[in-house]
Amino acid sequence: MFQSILMLMFSIPFLLMSLYMIHFSLFLSLEFPMIFLFSMKIPVSFLMDWTSMMFMFTVMFISSMILLFSMEYIPYKEHLRFSILLLMFVLSMSFLILSDNIIFILLGWDGLGLTSFILVVYYQNASSSASGSITIFSNRVGDILILLSIAFLTSLCDWNFFMNENFPKLVLLFLTMAACSKSAQFPFSAWLPAAMAAPTPISALVHSSTLVTAGVFLLIRIMNYPHPFSMFLILLISSMTTIYASMSANWEMDMKKIIALSTLSQIAMMMFAISLGSISLAFFHLIIHALFKSMMFLCAGIVIHSSSYQDMRNMGTIINNFPIMSSILGISSLSLMGVPFMSGFFSKDPIVETVIFSKMFSLMSMLMIMSIGMTSAYSIRMISLALKFSLKSKPDINIYPSNKMETPIIIMAPMSIFMGTLMMWISNPQQMIMIPNYFKFLIIMNLILGMIIGSSLYYSKKKYLHLGQASISLWFNHFLTVIIMNPLTKLMNFFLKNDKNWQESYGPNYCFNFSSNLSSLPDKISSQLMFIIMMSMMYPILIFSF
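Residues numbered from 1 in each chain as written. Predicted model: local features only at pLDDT ≥ 70, side-chain atom pairs only at ≥ 80, totals over all residues. Heavy atoms only, no water.

In the nomenclature of an unreviewed UniProt entry, the protein chain is known as NADH-ubiquinone oxidoreductase chain 5 of Araneus quadratus. Listed under Catalytic activity (unreviewed entry) in UniProt, the entry text for the protein chain is "a ubiquinone + NADH + 5 H(+)(in) = a ubiquinol + NAD(+) + 4 H(+)(out)". (UniProt positions renumbered as here; feature names shortened; annotations may be inferred.)

Right, here's the structure in full:
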């Protein structure tokens, strides 16, 4: 309780600083020289502007709510371990948000990868260890790419994000792919649904609002100057990701995985906005999405905690007993769909309008607009399956209301309703947005169409189920991620044995084998000498006998 209140108190100054900085158009850049190497200066740089302060407020606020929620969700004996892991994660995230050069961001980036792995394998069973390994391998790719970028930028002797105009094309490609690996975009999407093996409070913090948005934040930092090649690449990747994540969510039965796939789809939308040059819109959606998605995860946590299952077919009969949770899950789903005047509407609609306005109106833009309809379809499906009134089987549900679980979602619920309006007023005070009527109505019609499809589908037709295999595997992304590992297994087993037994194999065992071989050497030499002597004695006899 104390940690939660303390973190909430820490978050308020960041919000006030953010508002002050945006009002007076200020930013604060601090640079401390760390290493001088010949003519090369490697500094530690901090950048405090309104974006980093607002993001810090969001991370701290959500962390405080999750610490309060986890007091009931996590067993009492594990509180200390869980809190320390969570605080380590928040510290890594703070380094990443405040850093202003690529060398310093690696500290937060690596810390995020490591702490997220520890949090995913929290339950320490077979499925969580498998999920943890796919998470850390995918994230390591991003770490390696950032290290390579640092090496390539040594020629410029400047690692600051501000200087991205001079970055070579290869470095921008590396940083873009590193951002995709952290934000679970194609081809690294398989780890995000797998990481749902973690406890729900961890999913709410790590896989909705912080870790997966780190890649988007990196792109926001380096894309303030247009880079056509990288932007086109992001455009392709994000439009692919959003459509297969939305389709996969329509077949998924695991409640947490549906929310994870919707996160994937929304992050692809932020990436799409960045590729069109709308960096402020991407950041706006990042903040709003973090607030309502973490609340949605906490609601799912309450349902799972009550019904003991993550599979929605075994959930139900909960809507009468948990009116607060059911209403708040509805609010967050409406915000996710972008229903008019919820906070998601203010951040999603401008992105879609930018897509329609831009000269890039193509197949990729159509995919992005289709995904909005599919978002409302799978949200309606998720609510109707998870909160259904009846169960065919015996309801194995143990409901006990808890203030520590309900208080965080009650505090976060107004954020999903008002935060969009507040941020719209902050970022665009004039409120003069000239848009043709049919643009707005096109988006809303798409949304309503998705709702109708979502509520009318029975999800049991054979054709629908046949399509499902490709879709559930994220268009074979799961298989592609695993196939690469098969040829490497023998090599990895050799390395594993070597790592485990190196003291034995290079110590006593090696010495024994070496001395055995050495001790047999004199015998071999003497036997060879004996043979030579015998042969030299035999030769004259053989010669004279003939």
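Structure's up, so let's keep going.
Let us look at the overall build of the protein chain. Tallying secondary structure elements over the protein chain gives 20 helices and two strands in all. Pairs at least 24 apart in sequence give 79% of the contacts found in the protein chain among residues at least 6 apart. Accessible surface for the protein chain amounts to roughly 25,700 Å². Of this, 73% is attributable to carbon and sulfur atoms. One way to put it: in the protein chain the 26 positive side-chain charges average out to a point 11 Å from where the 19 negative ones average out. (Helix = DSSP H or I, 4+ residues; strand = E, 2+ residues; numbered from the N terminus. Contact = heavy atoms within 4.5 Å. Areas by Shrake-Rupley, 256 points an atom, 1.4 Å probe, with all protein chains shown as cover. Lys, Arg positive; Asp, Glu negative; His and termini not counted. Charge placed at Lys NZ, Arg CZ, Asp CG, Glu CD.)

Okay, empty space enclosed by the protein next. Tallied over the entire structure, the rule returns two cavities of 30 Å³ or more. By volume, the second largest cavity is sized at about 30 Å³. Surrounding the second largest cavity, Ile-258, Ile-259, Ser-262, Met-296, Leu-336, Tyr-378, Ser-379 and Met-382 form its lining. Partitioning the lining of the second largest cavity into residue classes produces six nonpolar, two polar and no charged. (1 Å grid on protein atoms, 1.4 Å probe; cavity = no way out; pocket = protein on both sides within 12 Å on 5 of 7 lines; lining within 4 Å. Points joined across faces, edges and corners; volume = space filled by probe spheres on them. Nonpolar A, V, L, I, M, F, W, Y, C, P; charged D, E, K, R; others polar.)

The next thing to look at is the packing of aromatic side chains. Inspection of every chain in the model, using the stated rule, returns 15 aromatic pairs. Taking the centre distance of 5.8 Å and the plane angle of 25° together, the rings of Phe-57 and Phe-61 count as stacked. Of this pair, Phe-57 and Phe-61 both sit in helix H2 (residues 50-73), four residues apart, which is roughly one turn of the helix. Residues Phe-57 and Phe-61 agree in their burial class; the two are buried. Measuring from ring centre to ring centre gives 5.8 Å for Phe-341 and Phe-345, while their planes differ by 50°; the resulting arrangement is tilted. When its relative accessible area of 62% is taken as the criterion, Phe-341 is described as exposed. Looking at Phe-345, the relative accessible area reads 9%, which means it is buried. (Phe/Tyr/Trp six-rings, centres within 6.5 Å; stacked < 30°, edge-to-face > 60°. Buried < 20%, exposed > 50% of the residue type's maximum accessible area, 1.4 Å probe, protein only.)

The next thing to look at is helix H12 (residues 323-337). Its 15 residues place the ends of H12 21 Å apart at the C-alpha level, agreeing with the 21 Å of an ideal helix rising 1.5 Å per residue. For H12, the set of buried residues is Met-325, Ser-326, Ile-328, Leu-329, Ile-331, Ser-332, Ser-333, Ser-335, Leu-336 and Met-337. Taken together, the buried residues of H12 touch helix H10 (255-275), helix H11 (279-307), helix H13 (343-357), helix H14 (363-386), helix H15 (403-427) and helix H16 (437-456). (Expected span 1.5 Å × (residues − 1).)

It is worth spelling out the domain arrangement of the protein chain at this point. With domains assigned, the protein chain is organised as domain 1 (1-225), domain 2 (246-457), domain 3 (459-500) and domain 4 (507-544). Contacts between domain 1 and domain 2 engage 42 residues on the former and 39 residues on the latter. Carbon and sulfur atoms supply 84% of the area buried between domain 1 and domain 2, which totals about 3,700 Å² over both sides. In this structure, the connection of domain 1 to domain 2 is made through zero salt bridges. For the pair domain 1 and domain 2, the interface holds three residue pairs in polar contact (both at pLDDT 80 or more). With 15 residues, the top contributor of residues to the side of domain 1 that touches domain 2 is H2. For the side of domain 1 that touches domain 2, the residue count by class is 29 nonpolar, 12 polar and one charged. (Domains from an automatic or database assignment. Buried area = accessible area lost by both parts, 1.4 Å probe. Salt bridge = Lys/Arg side-chain N within 4 Å of Asp/Glu carboxyl O. Polar contact = N/O pair within 3.5 Å; in protein donor to acceptor, adjacent residues only side chain to side chain.)

Attention now moves to the pattern of salt bridges. Taken as a whole and assessed by the stated rule, the structure comprises five salt bridges. A salt bridge links Arg-140 to Asp-110, with the shortest nitrogen-to-oxygen separation between them at 2.8 Å. Separated by 30 residues along the polypeptide, Arg-140 in helix H5 (residues 126-153) and Asp-110 in helix H4 (residues 102-120) bring together distant segments of the chain. Taking the relative accessible area as the measure of exposure, Asp-110 reaches 29% and is therefore partly exposed. For Asp-143, the salt bridge goes to Arg-140, with nearest N and O atoms at 2.5 Å. Residue Asp-143 and its partner Arg-140 are located together in helix H5, separated by three residues, close to a single helical turn. The exposure class assigned to Asp-143 is buried, which follows from its relative accessible area of 2%. Linked by salt bridges that have partners in common, Asp-110, Arg-140 and Asp-143 make up one network.

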